[in-house]
Amino acid sequence: MKKVKNAILLLIYTVLLGAIVGAIVWAFLRIMNIGINFVWKFIPGRFDIPFYTIIVCTVGAFFIGLWKKKFGDYPEELRVVLKKVKKTGGYQYNNIFTILGSALFPLILGASVGPEAGLTGVIAGLCTWIGDKLKKYIHTVDELNMIGISATIGTIFKSPMFGFVEPLEDEKKPVIPKKPKVILYLVAALSAFGSYVLLGKFLGSGSGIYSFGFILFDWTDCIFILPLGIIGIIGGLLYLASRKLANVIASRFEKYVVIRCVVGGIILGVMGTLLPLTMFSGEHQMEEIAKNGAEIGIFLLIVIAVFKIIMTTICIEAGLKGGHFFPIIFAGVCLGFAFGTLFNVNVVFAMAIVTTGIVGFTLKKPLATILLLMIVFPFQYLPAMLVIALAARFIPAPKILIEE
């Protein structure tokens, strides 16, 4: 009876945890969008301020630097959070509100990063705190940190199954939890996603990634699967190389937190003035590529993709931190549209293949890659995407570019 009681309590807690996670993700993204609209639409729509983008990015980065100097260099990247949780079984929770602010400010500022890093740290800390309280009543709560992270990732990317697989699919071999825990993972993911959807329906959507509609492709397009996949892998190499270079440069100025942030803000502002699509996470800008890609042109799309990748690494290493998933997906979309047009291939098909290449090469998790990108591209392209995701998994990156 005691085991049954524990199991029921754990299931109830998991459902509630999922609902809380969904609500936190919704609230965070909602606040983020309100802030972005205020800074980048409301104010410029009423005041004509010269060099507005440069001024906002520089001043905003200065205050972010002061914030980091006082409270610490947060948020930590997703891989760092996962590594700490797997190693220690928990995550610090005495600074959850600090992490929330550190994650929110760069996103509102327009940094080329995604929201997953900060949200994952917040949820991991929250789960650790609740788990510590519940240990008096339930003796099997150690796995709940990973369950909470899984639910968070699945909700942010609108793919519960991606959230389930990504933290568990190791680069060497999958780490599949035992059957009862699988149920808890799935329950939390569905509860979180359901909570997020319901809040979005009744109180307004927090955010949403653009999905491309299916366009029937000719079998001759399949000839270009390999070249398009290679282009995506080259994009992945560019991300790893620029991240390494930015890390080396930033490490020389590790103590100068404010200066690093301000330099990053100036670069962001200048680049945002010249190429506005290099700003923000990229999830909303994909719709602009879908509608206006032909007018933007092949050359400019490639330039945007390259600088989007570079700006993501600059923002992260300079201190305007966040995740990299959305930006590299956006870069893959730009490259796919450009080379699909150049090769006279179905552009949606080309975008799917190139994006799979860049995400698959950087993530090295084929199943997670496919589950993530299936919310963006039609499932009819799945066989070709799976081929590239598997190939990208087994093509090694240069050791000098791999971070421990």
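Here's a quick rundown of the structure. In this numbering scheme, every chain counts its residues from 1 along its sequence in written order. This being a predicted model, a pLDDT of at least 70 is required before a residue's local features are given, and a value of 80 or more before pairs of side-chain atoms are given or counted; all residues contribute to the totals for chains, interfaces and linings. For side-chain calculations, the full set of non-hydrogen atoms in the structure is used, while hydrogens and water are omitted.

1. Remarks on the overall build of the protein
Next up, step 1: Secondary structure is summarised from DSSP: a helix means a run of H or I of at least four residues, a strand means a run of E of at least two, and numbering begins at the N terminus for each. In terms of helices and strands, the protein carries 16 helices and 0 strands.
Next up, step 2: Radius of gyration means the value over C-alpha atoms here, while the globule rule gives 2.2 Å times the residue count to the 0.38 power. Compactness check: the protein gives a C-alpha radius of gyration of 21 Å against a globular reference of 22 Å for 404 residues, within 12% of the reference.
Next up, step 3: Principal-axis analysis of the C-alpha atoms gives the protein an extent of 65 × 50 × 45 Å.
Next up, step 4: A total of 404 residues make up the protein; the buried ones form 56% of that total.
Next up, step 5: Contact criterion: two residues are considered in contact whenever any of their non-hydrogen atoms come within 4.5 Å of each other. Taking the contacts inside the protein whose residues are at least 6 apart along the sequence as the reference set, 80% of them involve residues at least 24 apart.
Next up, step 6: About 18,500 Å² of surface is accessible on the protein, with carbon and sulfur atoms providing 71% of the total.
Next up, step 7: Charge assignment: positive for Lys and Arg, negative for Asp and Glu; neither His nor the chain ends contribute. All charge positions are set by atom: Lys at NZ, Arg at CZ, Asp at CG, Glu at CD. If the 36 positive side-chain charges of the protein are averaged to one point and the 22 negative ones to another, these points end up 10 Å apart. Whether a residue is buried, partly exposed or exposed follows from its accessible area with a 1.4 Å probe, protein chains only, as a fraction of its type maximum: under 20%, in between, or over 50%, in that order. Per-residue and other accessible areas follow the Shrake-Rupley method at a 1.4 Å probe size, with only the shown protein chains counted as cover for residues.

2. Points about the state of the cysteines
By definition, a disulfide links the sulfur atoms of two cysteines through a covalent bond.
Next up, step 1: Disulfides are defined as pairs of cysteine sulfur atoms found within 2.5 Å of each other. Taken as a whole and assessed by the stated rule, the structure comprises 0 disulfides.
Next up, step 2: Here C315 stays free of any disulfide, with the sulfur of C57 as its closest cysteine sulfur at 8.4 Å.
Next up, step 3: Assessed through its relative accessible area of 0%, C315 is described here as buried.

3. Considerations on helix α15 (residues 366-373)
Next up, step 1: Most of α15 sits out of view: 6 of its 8 residues are buried.
Next up, step 2: Those residues of α15 that are buried are in contact with α7 (160-165), α13 (325-342), α14 (347-363) and α16 (382-394).

4. Some points on a nonpolar patch on the surface
Next up, step 1: Like-charged residues within 9 Å of one another, or nonpolar side chains (Val, Leu, Ile, Met, Phe, Trp, Tyr) within 5 Å, are grouped into patches, provided each residue has over 30% relative accessible area and no salt bridge. For this analysis, a salt bridge means a side-chain nitrogen from Lys or Arg found within 4 Å of a carboxyl oxygen belonging to Asp or Glu. A surface patch of nonpolar side chains, amounting to about 780 Å² of accessible area, comprises F47, I49, F51, I55, V59, F62, F63 and L66.
Next up, step 2: Tracing the backbone through its elements, the reader meets I49 in the loop between α1 (2-46) and α2 (52-71).

5. Here's the deal with the environment of I233
Next up, step 1: As for its placement among the helices and strands, I233 is situated in helix α9 (residues 225-251).
Next up, step 2: Between the C-alpha atom of I233 and that of F361, which follows or precedes it by 128 residues, the distance is 5.8 Å.
Next up, step 3: In this structure I233 touches G357, I358, F361, A392 and I395, once residues within four positions along its chain are discounted.

6. Details of the nonpolar core
Looking at soluble globular proteins, one finds that nonpolar side chains tend to be buried together.
Next up, step 1: W40, F157, I289 and F377 are the most contacted members of the largest nonpolar core, which totals 123 residues.
Next up, step 2: Among all residues touching F377, those that are not within four sequence positions of it are F212, V333, V348, M351, A352, T355 and M385. As used here, the term nonpolar core means buried Ala, Val, Leu, Ile, Met, Phe, Trp, Tyr and Cys residues forming a set that is joined through side-chain atoms within 4.5 Å.

7. Observations regarding the packing of aromatic side chains
Next up, step 1: Between the rings of Phe, Tyr and Trp (Trp by its six-membered ring), a pair exists once the centres lie within 6.5 Å; its type follows the angle of the planes, with under 30 degrees stacked, over 60 edge-to-face, and the other angles tilted. In the structure shown here, the tally under the stated rule is 14 aromatic pairs.
Next up, step 2: Between F38 and F42, the ring centres sit 5.4 Å apart and the planes meet at 15 degrees, which makes this aromatic pair stacked. Taken together, the positions of F38 and F42, both in helix α1 and 4 residues apart, correspond to about one turn of that helix.
Next up, step 3: Owing to a relative accessible area of 44%, F38 belongs among the partly exposed residues under this scheme.

8. Quick look at the packing of α15 against α16
Next up, step 1: Note on geometry: axes are lines fitted to C-alpha atoms, helical ones only across the stretch in contact, with angles between N-to-C directions running from 0 to 180 degrees. Packing of α15 against α16 leaves a shortest axis separation of 9 Å and a crossing angle of 140 degrees. Taken together, α15 and α16 sit at an angle that is classed as oblique. Two packed elements cross with a definite hand, and for α15 against α16 that hand is right-handed. Residues P366, T369, I370 and L373 of α15 form the contact with α16, whose participating residues are L382, M385, L386, A389, L390 and R393. Roughly parallel means an angle under 35 degrees; roughly antiparallel, over 145; roughly perpendicular, 65 to 115; everything else is oblique. Handedness of a helix crossing follows the sense of rotation of the near helix relative to the far helix, less than a right angle counterclockwise being left-handed and clockwise being right-handed.

9. Side note on the side chain of E116
Next up, step 1: When you line up the elements, E116 lands in helix α5 (residues 116-134).
Next up, step 2: No salt bridge is formed by the buried E116; the nearest opposite charge belongs to K158, separated by 10.0 Å.
Next up, step 3: In protein, a polar contact means a hydrogen-donor-capable atom and an acceptor-capable atom, both N or O and within 3.5 Å, with residues adjacent in sequence counting only if both atoms are side-chain atoms; elsewhere, any N or O pair within 3.5 Å suffices. For E116, the side chain forms a polar contact with the main-chain nitrogen of H324, separated by 3.2 Å.
Next up, step 4: A polar side-chain atom of E116 sits 3.2 Å from the main-chain amide nitrogen of F325.
Next up, step 5: Those residues in contact with E116, other than ones at most four positions away along the chain, are I156, F157, G323, H324, F325 and F326.

10. Looking at unusual backbone geometry
Next up, step 1: P75 follows Y74 through a cis peptide bond whose omega is 0 degrees.
Next up, step 2: Among the secondary structure elements, P75 is positioned in the loop between α2 and α3 (78-88).
Next up, step 3: The phi angle at F280 is positive, at roughly 65 degrees, despite the residue not being glycine.
Next up, step 4: Along the chain, F280 turns up in the loop between α10 (257-274) and α11 (285-296).
Next up, step 5: Note on F280: relative accessible area 17%, which makes it buried.

11. Focus on the pattern of salt bridges
Next up, step 1: Using the criterion set out here, one finds 4 salt bridges in the structure.
Next up, step 2: With a closest N to O distance of 3.3 Å, K68 and D73 form a salt bridge.
Next up, step 3: Where K291 meets E287, a salt bridge forms, and the shortest distance between an N and an O atom there is 2.7 Å. You can see K291 and its partner E287 sitting in helix α11, 4 residues apart, about one turn around the helix.
Next up, step 4: One network of salt bridges, in which partners are shared, links K68, D73 and K321.

12. Concerning helix α6 (residues 144-156)
Next up, step 1: Between the first and last residue of a helix there are one fewer steps than residues, each counted as 1.5 Å, and that sum is the expected span. The terminal C-alpha atoms of α6 lie 18 Å apart, and with 13 residues this matches the ideal 18 Å at 1.5 Å per residue to within 8%.
Next up, step 2: Most of α6 is tucked away: 13 of the 13 residues are buried.
Next up, step 3: Looking one or two places after α6, you find K158, whose phi comes out positive at around 60 degrees.

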